[in-house]
Amino acid sequence: MPIRTIEVCASDDDWRSADGLLDDLRAAAPDGVPIAEFGDLRSTFAGRDDRVFLARTDGRAVGLLGARSGPNGEVVLVGPAVATSGRITGPERCLIDRAIDHAIELDARRVTLEVRDGDPLVSMLRREVGFVAADGSVAAVVRLVLPLTLVLTRSVPAGDGPAGTTTMWCGEGGEMAEQVPLVDYLVLGDEPHLVANECTACGARYFDRRNACASCFATEFRRVPVASEGEVRAFTIVAHAAPGIPTPFVAAVVDCEGTSVRANLIDVEPDDEHVSLGMKVRLATYPMGTDDDGVEAIAFGYAPTA
Amino acid sequence: MADDVWILGINMTKFGKHPDLDAVDLAAQASMAALADGGVTMADMGVLAAGNLMGGGGLGQQLQKQIGQTGIPVYNVSNACATGATALRTVIMAIKAGECDYGLAVGVEKLAGAGLLGGGGKPKSDGTQWEPSGRFGAVAPTDGRIGTATMPGVFAQVGMEYGHKYGGTSFELFARISEKNHGHSTLNPLAAYTKAMSAEQIMNDLMIAYPNTRPMCSANCDGAAAAVIVSDAKLKTLSTEQQRRAVKVSASVLTSDPWTESCQVLPDVNTLTRAAATQAYEQSGVGPDDLDLVELHDCFATAELVHYDNLMLCEEGGAVDFFESGAPSRDGRLPVNVSGGLQSKGHPISATGIANVWEVCHHLRDEAGDRQIEGAKVGLAHVIGLGSACGVHVLEKAAA
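Residues numbered from 1 in each chain as written. Chains lettered and ligands numbered in written order. Predicted model: local features only at pLDDT ≥ 70, side-chain atom pairs only at ≥ 80, totals over all residues.

**Some details on the overall build of chain A**
Here is the rule: The helix and strand labels rest on DSSP assignments: H or I over at least four residues marks a helix, E over at least two residues marks a strand, and numbering proceeds from the N terminus. For the exposure call, what matters is how many other C-beta atoms sit within 10 Å of a residue's own: 20 or more marks it buried, 12 or fewer exposed, and in between partly exposed, using C-beta atoms placed from the backbone. Any two residues are considered in contact once their C-beta atoms, placed from the backbone, lie within 7 Å.
Regarding its fold elements, chain A presents 4 helices and 18 strands. Looking at chain A as a whole, 40% of its 306 residues qualify as buried. Long-range pairs, those at least 24 residues apart, make up 53% of the contacts in chain A between residues at least 6 apart in sequence.

Right, dumping it as structure tokens:
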């Protein structure tokens, strides 16, 4: 097993390693994919409470993350910039954990990290660290806004648990509000809605990622909201399902202004007197339950509008 | 245009429960019977295509060890419910390519007691943490929360979608389609179930996924089917009896689903079936009106309806009228699923795409006994596997 360490840049040797890594990354970065704004490391992170964290694998510098203290108890993270191929499970997580510990030691109220569109770091953050977007909607993290600012505040449970042992985070305001959507194409927030990956060439829409458009083979997609109102194009009332799935339920295909959506119909009696083809419905969300970490999962369905 | 190819020998085992026979036994039984039916042996075969989904893979080689290892190429194929048709088509392609004169295609499944397919038989439960995973970043199982993955539910929606588009469907209509097939099965001694059921009985049976009740779902069972294919040139060297009983493969088509908007969320079983039928009619020069019987993929009663339309047995949008006219009954204008169909004959998945060809051949050879469609000269066999794959074969009686 390679030995990974995270340390705070302190000695000249540390700074040289960090500068060297940054130079390598800048040289290797393809056009249009800027390395986070580290500037000159030692002057960017010159403040008393600023830190540059350096990840080493078997002694070799493989990643760095800067933390700059701002006003109002904010800690701004810069990076992480990582050299190794382990982009998702690599040193980023360790670096961020360490920076968060640092922020906690400073009694910081907010930790802010800017992440660029399409950066796989975004999903890692959401999955592993529990960052939530500034507006409190977790799903908004996913490649919706460019560039995206994530704001993270550690909720301090009663008794002030030891730093870095919890991944429970919430939005500004400090309430325990973390919610996750059942699927990543459900966007929570004030107006929950679905989003699709739309082919920029032909407009075909997909709820999962595609390497190329199945319709026209183009490779550019944009994230678009899907209309929340629609009509039932097909349904079935499932009486027998796999063990563990509560029945009966109404499974349906809803035509949302030209985008077909697969979903359950909710808030309707599951019988053929109450469910009909062509029925007008609207997206609605409901809580599925809370996991061991206190995170609430939110599912969606379509409810009759009449 | 390559020369014609012919079905020289064909067989299906009894469909049903075979607790004492494994998949290899069943495949061997069907294969040896198909070889005997064609008056040939494994020594003649130049290629073997073997279809099986639920086994551990490598059926073809296991089968050779039971019936004859001659070193010929083996293609183990897997294409959902179109697996049997894919095996058949693989052999047909090899012969059309001129690689050999004879080939054996076999499909087999051990499916008795398999239960609900599509949703997975394993209990679904949420983890202790909402951890996103998979292509949709789902934090928990989505089956049952975002629609249904079970086959009865998926195909129920296929039928309901047709009803939404064209109108005229009802629970009772779908039940009567099932009633027809269960009625047909009473004449098929190889069917898994041979009991007639009234529409009322069918509607009052166990509801699985509205409007499909249990008897409206394909019957999981064990079974195998096998066919020996021969080139036109070789057939001409065989006995007059072999030539007389040979059935011409006038069209052999396999399609997958082209992109359609809605197929991203609900399988579109229509577009690829229509495409396969169109190609098959073009290849064979046979039109829907020339058909004497059709075995189509009635995996659920709701599916049979849409395939009347997809196979162009009726005008577009006219499937309900077609059924109501009595045409698809065995005494109607264009009998459909006189074997009893998947709902009562049974659906040992990989066997189905050869078993339906066997049924058609049986009639074209005038060997179907009590359920013979008199004077049958041309038939069509259709299967569809979700994902999707569609196989259509048009078969013609040998010219006397």
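**Focus on the overall build of chain B**
When helices and strands are counted, chain B shows 13 helices and 11 strands. In terms of principal-axis extent, the alpha carbons of chain B reach across some 65 × 50 × 40 Å. The proportion of buried residues among the 400 residues of chain B is 62%. Across chain B, contacts joining residues at least 24 apart in sequence account for 77% of those joining residues at least 6 apart.

**Digging into the packing of helix α9 (residues 269-284) of chain B against helix α10 (residues 301-310) of chain B**
Working note: a packed helix pair is described by the angle between its axes plus the distance between those axes. All names here are of chain B. What counts, and what does not: A fitted line through C-alpha atoms represents every axis, and for helices the fit uses only the stretch in contact; the resulting angles, taken between N-to-C directions, go from 0 to 180 degrees. Comment on the angle field: the value is read as roughly parallel under 35 degrees, roughly antiparallel over 145, roughly perpendicular from 65 to 115, and oblique elsewhere. We call a crossing left-handed when the near helix sits turned anticlockwise from the far one by less than a right angle, and right-handed when that turn is clockwise.
For the pair α9 and α10, interaxial distance at closest approach is 9 Å and the crossing angle is 40 degrees. Between α9 and α10, the angle falls in the class oblique. Taken as a pair, α9 and α10 cross one another with a handedness that is right-handed. Where α9 approaches α10, its residues V269, N270, T273, R274 and A277 are matched on the opposing element by A303, V306, H307 and N310.

**Remarks on the environment of G294 of chain A**
Residue and element names in this part refer to chain A. Residue placement: G294 occurs in the loop between β17 (280-290) and β18 (296-304). The class of G294 is partly exposed, set by 13 C-beta atoms lying within 10 Å. A sequence separation of 214 residues divides G294 from P80, and the C-alpha atoms of the two residues are 28 Å apart.

**With respect to the packing of helix α5 (residues 171-185) of chain B against α10 of chain B**
Residues and elements named next belong to chain B. Cut-off, in case you're wondering: In the scheme used here, Gly and all other residues not listed as nonpolar or charged are polar, with Ala, Val, Leu, Ile, Met, Phe, Trp, Tyr, Cys and Pro taken as nonpolar and Asp, Glu, Lys and Arg as charged.
For the pair α5 and α10, interaxial distance at closest approach is 8 Å and the crossing angle is 90 degrees. The pairing of α5 with α10 is recorded here as roughly perpendicular in orientation. Residues F174, A175, I177 and S178 of α5 form the contact with α10, whose own contacting residues are A301, T302, E304 and L305. Among the residues making up the contact of α5 with α10, the classes are represented as 5 nonpolar, 2 polar and 1 charged.

**Comments concerning unusual backbone geometry**
Residue and element names in this part refer to chain A. The linkage connecting T247 with the following residue, P248, adopts the cis geometry, with an omega of -5 degrees. Not every positive phi belongs to a glycine, and D267 is a case in point at roughly 55 degrees. Summarising the element assignment, D267 is placed in the loop between β16 (259-265) and β17.

**Here's the deal with helix α13 (residues 349-364) of chain B**
All names here are of chain B. Inclusion rule: An expected span of 1.5 Å times one less than the residue number is assigned to each helix. Fitting one axis to the seven residues ending at a residue and another to the seven starting there, the bend at that residue is the angle between the two axes.
The end-to-end C-alpha distance of α13, which contains 16 residues, comes to 24 Å, matching closely the 22 Å that a straight helix rising 1.5 Å per residue would cover. Its axis deflected by about 25 degrees at A355, α13 carries its strongest bend there. By the criterion of burial, α13 is predominantly enclosed, with 16 of the 16 residues buried. Two residues or fewer after α13 comes D366, characterised by a positive phi angle close to 60 degrees.

**A closer look at the pairing of strand β2 (residues 48-51) of chain B**
Residues in a regular strand point their side chains to alternate faces of the sheet. Residue and element names in this part refer to chain B. Condition: At least two bridges found by DSSP between two strands is the condition for calling them paired.
Of the two faces of β2, both are covered, the one formed by L48 and A50 as well as the one formed by A49 and G51. Alignment of β2 against strand β3 (residues 74-77), held across 4 bridges, turns out to be parallel. Bridged to G51 within β3 is V77. In terms of strand pairing, β2 meets strand β4 (residues 102-109) through 4 bridges, oriented parallel. The residue of β4 that forms the bridge with L48 is L104.

**What about the environment of V52 of chain A?**
Residue and element names in this part refer to chain A. Secondary-structure assignment places V52 in strand β2 (residues 51-57). As for V52 and R68, which are separated by 16 residues in sequence, their C-alpha atoms are 8.6 Å apart. For V52, the contacting residues outside a window of four places in its chain are C9, A18, L41, F45, L64 and G66.

**Considerations on the sheet that holds strand β7 (residues 223-231) of chain B**
All names here are of chain B. The strand order β3-β2-β4-β7-β1-β8-β11-β10-β9 describes an open sheet built from 9 strands, whose pairing is mixed. One side of each edge strand has no neighbouring strand; the edge strands of this open sheet are β3 and β9 (293-295). Strand after strand, the sheet turns through a mean of 25 degrees between neighbouring axes, direction not considered. Inspection of the sheet shows strand β1 (residues 5-12) paired to β7 by 7 bridges, in the antiparallel sense. Bridge pairing links I7 to I229 in β7.

**Overview of the interface of chain A and chain B**
In many analyses, interface size is given as the accessible surface area lost on bringing the parts together. Listed as interface residues are 47 residues of chain A and, on the opposing side, 45 residues of chain B. Looking at the side of chain A that touches chain B, the elements with two or more residues in it are β14 (229-238), β15 (249-256), β16, β17 and β18 of chain A. Relative to strand β5 (residues 207-210) of chain B, β14 of chain A runs antiparallel, the two being bridged by 2 bridges. Among the inter-strand pairings, I237 of chain A is bridged to a residue of β5 of chain B, identified as Y210 of chain B.

**With respect to the nonpolar core**
This is how it is decided: We define a nonpolar core as a collection of buried residues of the types Ala, Val, Leu, Ile, Met, Phe, Trp, Tyr and Cys that are connected via C-beta atoms lying within 7 Å of each other.
With 179 residues, the main nonpolar core has A27 and I229 of chain B as its most contacted residues. Here this core gets 9 residues from one element, more than from any other, and that element is α13 of chain B. Sequence-distant contacts of I229 of chain B, that is, excluding residues within four places in its chain, are made with V5, W6, I7, L8, V91, I92, I95, Y102, G103 and A105 of chain B. Judged by nonpolar contacts, the second largest core, of 28 residues, contains L21, V75, V78 and I96 of chain A.

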